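Commentary on secondary and tertiary structure
If you want the building blocks of each chain, they are given just below.
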Amino acid sequence: MIVAVLLLCQPATLHAQDESPGQSPFTPPSTPPAGSGAAPAPSPTGRAGKVAGAASTATQAPASQPDGNAAATVVPSVVSAPVGAMDAKAAAGASATPGASLPDAAGGGAPAVHSSTAATTPGANSAANGAGENGAAAGSATSGNAAAGNTSANATAGNGAAGGSSSGNATSADGSSTAGAPPGSAATGPATVAEASAPDQPPASDLPLIRSVIGTALQFLGPRTLEPHSSRDFTLWGLGCLTALDPSLAFDTRGADIQLLSGQSHLLSRPAPAQDNIDGWAQLATDFLDTARAHSDAVRTASRDDLLQAFFDELFNHLDPYSRYIGPSSAATDREARIGGEADAGVTLAQSGKHVVIAAINANGPAWPAAIETGDRILAVNNRSTAGQSAATVSQWLCGPEDSRLVLRLLTPGQARARTVVLRRAKVPPETVFAFASGSIIVLRITAFSSDTAEELSQYLDQATQAPHLKGLIIDLRGNRGGVLQQAVTAAALLLDHGVAAVTSGRDPQANHIWAVQGGDMTGGLPITILVDGRTASAAEILAAALADHRRAVVIGSATLGKGLVQTVAQLPDEGELFVTWSRVIAPLHWPLQGLGVMPQICTSLGEADLARTLADLPTGRLDSQAAVAASRAARYPLPVSRILAIRKACPAALGSDRDLNVARALLENPAWYKTAIAAIPDEAASAPILSTNN
């Protein structure tokens, strides 16, 4: 068994749905009802075994059913150092400290992430863009502040779950401390209400919570957005929702006062607080929303959740495409999905004639270490016969309270006697890695980067490398929208001996990190090809870029999405979640992922004729895409859109096809072709990456 360590020199958080976003703990104001955060994901320890064979049989690999046998789970050293604290070379050579743990991280999704496209940083939950977001690194104990996480990188603020960087006591422009007290306590001057009679005002019972949500959001946004903006900016952008809901409502912000108008009538006037007086702007926003409710049927009929959603939608219209607000209901559903939902056995069932059979086994679920195999027939569940029942019905029977007893009566086809297996139900997050053999080649499909992706990948790599006469690996990232950045970095560490996997750069010091790996190539240099397409994003792009830039893999397909922004996530007092882009991702050879995406060495999106010509040239030692690959690696942030389009035109983004897999097999079957494609990646530039935090 090989054991390595994850080391975090300074807490960080990424997000891809990367969404691949990241986070560090953020504590919102404590007064109105603070929501409870997502529970930390258990530390995965599944054992290797049960890899799908020639047929593509997927084994589910969820978040974790602790199992004392952590056989052959390899977690190499990953070092995250604050940018400026050490250069890339020093980071790559840093030694791991046993016992250290890496916080959750990846957009966009997500990401969260979740992706989310940005990559996810440690400690974040996955975002909606496909970022799976439990960020605890495989094989490591989650740190006290890292919770099931993002793309990415979703930390829940205030309860130790993935969240934004710890901000301490934020001080408003007038010198008053805002942390720990509900926004809005600072006096902002008397309100002047229109003389015209107004309809009866709705109950104000939710106003303290609205004020707290907005104040918490302002406190979280201020130091983290890529570009600097004031609390005034955020508030006035958000209040634009009133005009969106009722076009008769308007604002006058030209003088010293902020005025709410309805036609020619002045409904409310408030002195403008100082630019970054969080309390003052939170109170002003609450007062304006309340007054608009009293005078507008359209605003009055909007629920509190709808009103807050509209406020944040308008606010984020002024920022990047991946920053967003997720309301309480959707956020709760996402959190539940991230930690596995209802407890069960961790198996997927299917119908085979009259029988209900086990079609797949989740690699970290309760069934994985038990005497259960794919193809087994389920005869009874807790002494309840499955005869005449559908697979869907029996699947429901497998669900129940976490840690409750589950007794299965199983029969393996070809055997005369049935057997009984006793399990304990567990919450099992969705599987993200699927493996199958194709002759002397193993194909590993990664669908997202969640809290257990690196753990799952480690298990499959351990089994794959035991196969005799193995010629190489195909890692399929097509359609992968990203997830937890930390998981992408850890996955890279499983296949790299050393080096920088990615660099993240933003305004917040917590967002600036050099992600270095050391001593983890489980395959001993086995040839690797990576399949990508126009939907590959965020954390998936980080993995592809890391392996390609280190000449560790040949990337095949089309230009990827180009989601190189990382989100950090905070849970708000209403139990909604705020995904905020806080850093950019820079690849190992110092080029920006955002907008540009990963340029493959072998392009399959230009048509059959072009691909045939490319393959015909490989035996001669010539790679047709050499110029495009070199141009993409020479790019530096900031990059004009015209330049991005010119580079991407060499291999337009497209959906993947069977030809991608065929080309990957051909390269692995022909070492000379593979060597030519690997050599297309230029040597590392002599200069260090340019990381400007003054965006």
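Whatever comes next refers back to the structure up there.
As the structure is a computational prediction, the values presented were derived from the model and not from experiment.

A word on the overall build of the protein chain. Across its full length, the protein chain holds 16 helices and 23 strands. For the protein chain, the residues scored as buried account for 60% of the 695 residues in total.

For the rest of this paragraph, the subject is the packing of aromatic side chains. In total, this model carries 5 aromatic pairs according to the counting rule given. Seen in terms of ring centroids, Phe-251 and Phe-288 are 5.8 Å apart; in terms of plane orientation they differ by 15 degrees. Their pairing is stacked. One end of the pair, Phe-251, is in strand β4 (residues 249–252); the other, Phe-288, is in helix α4 (residues 278–295), with 37 residues separating them in the sequence. One aromatic cluster in this structure is built from Phe-311, Phe-312, Phe-316 and Tyr-325. Sitting over the ring of Phe-579, Arg-324 keeps its end group 4.2 Å from the ring centre. Lying over the aromatic face of Tyr-322, Lys-563 brings its terminal NZ or CZ to 4.6 Å of the ring centre.

Turning next to the pattern of salt bridges. As enumerated under the stated definition, the model contains 20 salt bridges in all. Between Asp-660 and Arg-478 there is a salt bridge, with its nearest N and O atoms 3.2 Å apart. Residue Asp-660 is located in helix α15 (residues 658–669), and its partner Arg-478 is located in the loop between β16 (472–476) and α10 (485–493); the two are separated by 182 residues in the primary sequence. Residue classification places Arg-478 among the buried residues on the basis of a relative accessible area of 13%. Put simply, Arg-535 and Asp-533 hold a salt bridge, and the shortest N to O gap is 2.8 Å. Salt bridges sharing partners connect three or more residues here, namely Arg-445, Asp-476, Arg-478 and Asp-660.

Let us look at helix α12 (residues 608–617). Taken residue by residue, α12 has Asp-610, Leu-611, Thr-614, Leu-615 and Asp-617 as its buried positions. Angularly, the buried residues of α12 cover 165 degrees about the axis, an arc narrow enough to put them on a single face. Along α12, the residues that are exposed and aim more than 90 degrees away from the buried face are Ala-609 and Ala-616. Where α12 is buried, its residues meet β23 (602–603), α15 and α16 (671–678).

Mapped onto the elements, Ser-248 comes out in the loop between α3 (231–245) and β4. Expressed as a C-alpha distance, the spacing of Ser-248 and Ser-262, which sit 14 residues apart in the sequence, is 5.5 Å. The residues contacting Ser-248, other than those within four sequence positions of it, are Leu-261, Ser-262 and Gly-263. Side chain to side chain, Ser-248 and Asp-246 meet in a polar contact 2.7 Å long.

Taken as a whole, this structure holds 1 disulfide when the rule is applied. In this model, Cys-603 is linked to Cys-651 through a disulfide, with the two sulfur atoms separated by 2.1 Å. With the S-S dihedral at roughly 95 degrees, the linkage between Cys-603 and Cys-651 falls on the right-handed side. Remark: Cys-651 occurs in the loop between α14 (641–648) and α15 and Cys-603 occurs in strand β23; sequence separation between them is 48 residues.

Take the sheet that holds strand β20 (residues 554–557) next. Sheet architecture is open: 6 strands sit in the order β14-β15-β16-β19-β20-β23, paired in mixed fashion. Unpaired on one side and paired on the other, β14 (433–438) and β23 mark the two borders of the sheet. Strands β14, β15 (441–446) and β16 of the sheet are contacted by helix α9 (residues 453–464), whose axis makes an angle of about 175 degrees with β15. Contacts from helix α11 (residues 539–549) reach β15, β16, β19 (528–532) and β20, with the element oriented near 145 degrees to β19.

We now examine the packing of helix α2 (residues 207–221) against α4. Two elements in contact, α2 and α4, have axes separated by 9 Å at closest approach and are oriented at 140 degrees. As judged from the angle between their axes, α2 and α4 are oblique. Seen along the crossing, α2 lies across α4 with a hand that is right-handed. On the side of α2, the interface is formed by Leu-207, Ile-210, Arg-211, Ile-214, Gly-215, Leu-218 and Gln-219, while α4 contributes Ile-278, Trp-281, Ala-282, Gln-283, Ala-285, Thr-286, Leu-289, Asp-290 and Arg-293. Here the residues of the contact of α2 with α4 sort into 9 nonpolar, 4 polar and 3 charged.

Among the structural elements, Thr-225 can be located in the loop between α2 and α3. Aside from chain neighbours lying at most four places away, what touches Thr-225 is Phe-234, Leu-319, Arg-507, Val-580 and Thr-581.

Since the α-helix advances by 3.6 residues per turn, residues separated by three or four positions end up pointing in the same direction. All of the buried residues in α14 are Ile-644, Ile-647 and Arg-648. In a view along the axis of α14, the buried residues occupy a sector of 95 degrees, so they form one face of it. In α14, the exposed residues that point more than 90 degrees away from the buried face are Ser-642 and Leu-645. Looking at the buried residues of α14, the elements they touch are α13 (626–634).

Cut-offs applied
- Residues numbered from 1 in each chain as written.
- Predicted model: local features only at pLDDT ≥ 70, side-chain atom pairs only at ≥ 80, totals over all residues.
- Heavy atoms only, no water.
- Helix = DSSP H or I, 4+ residues; strand = E, 2+ residues; numbered from the N terminus.
- Buried < 20%, exposed > 50% of the residue type's maximum accessible area, 1.4 Å probe, protein only.
- Phe/Tyr/Trp six-rings, centres within 6.5 Å; stacked < 30°, edge-to-face > 60°.
- Lys NZ or Arg CZ within 6 Å of the ring centre and 35° of its normal.
- Salt bridge = Lys/Arg side-chain N within 4 Å of Asp/Glu carboxyl O.
- Arc of directions from axis to C-beta.
- Contact = heavy atoms within 4.5 Å.
- Polar contact = N/O pair within 3.5 Å; in protein donor to acceptor, adjacent residues only side chain to side chain.
- Disulfide = S-S within 2.5 Å.
- Pairing = 2+ DSSP bridges.
- Axes fitted to C-alpha atoms, helices over the stretch in contact; angles between N-to-C directions.
- Parallel < 35°, antiparallel > 145°, perpendicular 65-115°, else oblique.
- Left-handed = near helix turned anticlockwise from the far one by under 90°.
- Nonpolar A, V, L, I, M, F, W, Y, C, P; charged D, E, K, R; others polar.

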